[in-house]
Every structure is written in structure tokens, then in C-alpha cells.
Amino acid sequence: KRGLIIAIDGPAGVGKSTVARLLARQLGYLYLDTGALYRAIAWKVQDMGVSPEDQRAIAGLLPKTILHMACGPEQSHVLLDGRDITGELRTPAVTALASVVSAIPAVREWLLPVQRKIGAEGCVVAEGRDIGTKVFPQADVKFFLEADAEVRATRRHRELVAAGHSVQFDQTKRDLTGRDDRDRSRTVAPLIPAPDAECIDTSSMSVDAVVAHMMAVVAARL
Ligand code: C5P
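Overview of the structure. (Residues numbered from 1 in each chain as written. Predicted model: local features only at pLDDT ≥ 70, side-chain atom pairs only at ≥ 80, totals over all residues. Heavy atoms only, no water.)

So, about unusual backbone geometry. For aspartate 81, which is not glycine, the phi dihedral falls at a positive 50 degrees. Within the fold, aspartate 81 resides in the loop between β4 (77-80) and β5 (83-84). By relative accessible area, aspartate 81 is classed as partly exposed at 37%. One non-glycine residue with positive phi stands out, namely alanine 189, at about 45 degrees. Topologically, alanine 189 is positioned in the loop between α8 (169-185) and β8 (198-201). (Helix = DSSP H or I, 4+ residues; strand = E, 2+ residues; numbered from the N terminus. Buried < 20%, exposed > 50% of the residue type's maximum accessible area, 1.4 Å probe, protein only.)

Around the ligand sit 16 residues in total, of which Arg39, Ser102, Arg108, Arg179 and Asp183 are the nearest. Contact distances for the ligand include 2.9 Å between a nitrogen atom and a side-chain N or O atom of aspartate 130. Protein contacts shield 97% of the accessible area of the ligand, which totals 450 Å² for the unbound molecule. Among the elements of the structure, α2 (34-47), α4 (92-101), β6 (124-128) and α8 are those that each provide at least two residues to the shell around the ligand. (Near = heavy atom within 4 Å. Polar contact = N/O pair within 3.5 Å; in protein donor to acceptor, adjacent residues only side chain to side chain. Areas by Shrake-Rupley, 256 points an atom, 1.4 Å probe, with all protein chains shown as cover.)

On the basis of which strands lie adjacent, the open sheet formed by 3 strands has the order β3-β4-β5 and antiparallel pairing. Among the strands making up the open sheet, the edge pair consists of β3 (67-70) and β5. The sheet contact formed by β3 and β4 spans 4 bridges and is antiparallel. The residue of β4 that forms the bridge with histidine 68 is leucine 79. (Pairing = 2+ DSSP bridges.)

Working definition of a disulfide: a covalent bond connecting the sulfur atoms of two cysteines. Counted according to the given criterion, the structure contains 0 disulfides. Left unpaired, cysteine 71 is separated from the closest cysteine sulfur, that of cysteine 123, by 13 Å. (Disulfide = S-S within 2.5 Å.)

Structurally, the position occupied by threonine 202 is in the loop between β8 and α9 (207-219). On the basis of relative accessible area, threonine 202 is assigned to the buried category, the value being 2%. The contact partners of threonine 202, leaving out residues within four places of it in the chain, are Val14, Leu145, Glu146, Ala147, Arg155 and Val210. (Contact = heavy atoms within 4.5 Å.)

Encoded structure:
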């Protein structure tokens, strides 16, 4: 029997990456950070100087793009056209641009086989917005994380400050809710819980409590 596919979806700043990494480590599974793939396309759009509004030009970049992700249980390395851009994917500019390019149907379509190939063998914890609904609708276990916008903005702001960015809390909160609104309202693969996902409100839960709960659910399926 192949290993499980575990899907974790939810809005920005809800703690998906943190818990997905911990879960992957405990299970000895791959951690698939699908947001990094959207960020990589955004990085290329920025690098090529293409306008974020020019959907046709962005779609036109895709056939000439070679994107690889080397996944491990922790960090994934992203190779774009032969260059390791892992360290350049979390800047505020790339974050904002990823949110815009991810609404382009051609981009989502192009990234589908990239994601599915990584998860093909199972033994993967995949994290994103449409994993349970679109990328791996057959996933063995699906979680949808939620948390109050205030809580998520606080977590994200703390993260940014720790990473050396000087940014105001209000700005962080506006960016985050703006991204969520775009993710929820887009026509292709909007952010929405899969009908068979277990929703977990993490607003007042510790990371350990969330992971322990998820592990118990996963263990019952192993
Ligand atoms: O998760 P992360 O913040 O790295 O994702 C960056 C952006 O990529 C999100 O704002 C979202 O718009 C998009 N995304 C997506 N579908 C996914 C993962 C990310 O649309 N499965």
C-alpha cells in the first residue's frame, strides 16, 4: 500500500507551513509547499519585467519555464530555469505578485502536473489553497485550517519582524486579508474547504495542540 496523501488548505498566516512541516517530519513524509511554486512563477514575472496585469504575456512565459522542486521533510528547494531561487521567494514583492498570478487559469493549469508528480507516490503532506479540492481530491486525509484574521495577522507580523522586515501591523493585516479575498473570490480553484475536509479553527490552539490532533486523525488511517 502506498503512503498517504495529506492535504492541508487554508488562508494566509493560519500556520499551514508550520504544522505541515512538523507533521511531515513526524511521519517521515515529504513536505510539499505549493505556495512556493506560485511564488516561483511570480519571481519569474518580476525578473522578466512582465506586467502582472498582462495575463497573456505571463501565460506565454510558461512553455519556456523549467520548474523543479526538491522536496524533503523540511525545506523545499525551488529550481527555476536551472537557478536555485529558494531564498528569494518570500520577499513582500514576490508575495504580493504570487497572489495575483495565482488567479490566472493558465498558471494554475500549468502547475497542476508539477504538484501531482511530486505527490504521485504518496507519503506527502501537501499544503496550499486547493489541495483537497483540486490538486489531490483523492487525498487520504484533508484538513482545512481557519483562524481569526487578527490572530493570523499577528502571527504573520511576528514572523516578518523576526525575519528582519520592518513592517507595520496594519499593513501586514491589510496585505493578508487582501490576499485571502483574492484567493476566495477567484473563479478557478478558489480557497474553500473540500466537502470531506476536517476544519480546524486554530485561533486559540497552540501549534503542538494542532499537530497532536492532526497526528491522531492521520494515525487512524495508517
Ligand atoms: O502559501 P503561500 O503564502 O506561500 O502562497 C502564495 C500565494 O500563492 C497565495 O497568496 C495564493 O494566492 C497562492 N496559492 C494558491 N494555491 C495554492 C498555494 C498558493 O493559489 N495551492
